[in-house]
Amino acid sequence: MRLYYTGASPDNLRKAREHAPSHSHGYGWTPQKMTPHDDHYFLDNGAFGGHFDGDVWVSTLEEALTEMPTEPDFVVLPDVPGDAAATIDKHREWLYDRPLPLRSGEIMRYWVLQPGVPIVEQFDAIEGCQGVFVGGSKRWLRAHGDEIVAEARDRDLRAHVGNPGGVDGLVWAYETGFNSCDTTTIFQNGYWHYLERLEDATEETDSPDPQPGESGSKQATVTEWSV
């Protein structure tokens, strides 16, 4: 699994690798903050907390494509936090009606899933994307995580969970089968034991049967994203 840390430093990532060497680590950048470190990263849209500015997001995406040392692993399409129906409309608006920077179509785009519309209906609505970014409360994430990962696998989409939360959050995300997740808690609070618990869970897990994302499975193998 790949773990992303919002606003991290190279030293933070070095420490994270020491605590969870079986996984890969990268940065989470937003339009409010993006620093040109040479490592894996994803670009969020900055909508959480009501701070989304479309012009700034487009400018940040263009900067990522022209000035960052590497391109982002994926970008999160603009969404409406807490409103799945409005998010579907906004995603389609940005996919088809808004001008995006040259070459942005070459980057993986993630569709945001969240409460308000049945999970399968949200998946049926997905267009022009290669993955899903799962938002919502911790309770909602835990209730629907297995279903989301299974649907994503069936549709050949990657699955990322935003801030799974709690001391067992990373372990839950890993064992549920998410390809990646992001967190701010570890560096802000010095909770390195969260990563140690993840590493312990990884070492205790054998080759998955059934496959990751299927009911009852525990993700075990280091995928191509963990290189």
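Use the structure listed above.
Residues numbered from 1 in each chain as written. Predicted model: local features only at pLDDT ≥ 70, side-chain atom pairs only at ≥ 80, totals over all residues. Heavy atoms only, no water.

The next subject is the overall build of the protein. Within the protein, the regular secondary structure consists of eight helices and eight strands. Taking the contacts inside the protein whose residues are at least 6 apart along the sequence as the reference set, 61% of them involve residues at least 24 apart. Surface accessibility of the protein: about 10400 Å² in total, with carbon and sulfur atoms responsible for 45%. (Helix = DSSP H or I, 4+ residues; strand = E, 2+ residues; numbered from the N terminus. Contact = heavy atoms within 4.5 Å. Areas by Shrake-Rupley, 256 points an atom, 1.4 Å probe, with all protein chains shown as cover.)

So, on to a negative patch on the surface. Where like charges cluster on the molecular surface, the negative patch consists of E196, D200, E203 and E204. One can find D200 in helix 8 (residues 192-204). (Patch = residues over 30% accessible without salt bridge, like charges linked within 9 Å, V, L, I, M, F, W, Y side chains within 5 Å. Salt bridge = Lys/Arg side-chain N within 4 Å of Asp/Glu carboxyl O. Lys, Arg positive; Asp, Glu negative; His and termini not counted. Charge placed at Lys NZ, Arg CZ, Asp CG, Glu CD.)

With that out of the way, let us pick up helix 8. With 13 residues, helix 8 should reach 18 Å at 1.5 Å per residue; the first-to-last C-alpha distance of 19 Å fits that figure. Within the span of helix 8, buried status applies to W192, Y194, L195, L198, E199, A201 and T202. Those residues of helix 8 that are buried are in contact with strand 1 (2-6), helix 1 (10-19), helix 6 (169-176) and helix 7 (185-189). (Expected span 1.5 Å × (residues − 1). Buried < 20%, exposed > 50% of the residue type's maximum accessible area, 1.4 Å probe, protein only.)

A few words now on the packing of helix 6 against helix 8. In contact at an axis separation of 8 Å, helix 6 and helix 8 are set at 30° when each is read in the N-to-C sense. On the basis of their axis angle, the class for helix 6 and helix 8 is roughly parallel. Remark: the crossing between helix 6 and helix 8 carries right-handed chirality. Here L170, V171, Y174 and E175 of helix 6 lie close against helix 8, whose contacting residues are Y194, L195, R197, L198, A201 and T202. Per-class residue counts for the contact of helix 6 with helix 8 are seven nonpolar, one polar and two charged. (Axes fitted to C-alpha atoms, helices over the stretch in contact; angles between N-to-C directions. Parallel < 35°, antiparallel > 145°, perpendicular 65-115°, else oblique. Left-handed = near helix turned anticlockwise from the far one by under 90°. Nonpolar A, V, L, I, M, F, W, Y, C, P; charged D, E, K, R; others polar.)

What follows deals with the nonpolar core. One finds Y5, F123, V132, I148, F178 and L195 to be the most contacted residues of the largest nonpolar core, which totals 53 residues. Leaving out residues up to four positions away in the same chain, F123 has contacts with L113, V132, I148, E151, A152, R155 and L157. The next biggest cluster of nonpolar side chains, apart from the first, holds seven residues, and it includes F42, V76, Y110 and V112. (Core = buried A, V, L, I, M, F, W, Y, C linked by side-chain atoms within 4.5 Å.)

Attention shifts here to the environment of Y27. Within the secondary structure, Y27 sits in strand 2 (residues 24-29). Not counting chain neighbours up to four residues away, the residues in contact with Y27 comprise Y4, Y5, A8, S9, P10, L13, H37, D39, H40, Y41 and F42.

Time to look at the pattern of salt bridges. On inspection of all chains with the given rule, the structure shows 10 salt bridges. For D11, the salt bridge goes to R14, with nearest N and O atoms at 2.6 Å. A residue pair is termed a helical-turn pair when its members lie 3 or 4 positions apart in one helix, as D11 and R14 do in helix 1 at three residues. Across the pair E93 and R98 runs a salt bridge, and its minimum N-O distance is 2.8 Å. Residue class for E93 comes out partly exposed when judged on its relative accessible area of 25%. One network of salt bridges, in which partners are shared, links D11, R14, K15 and E18.

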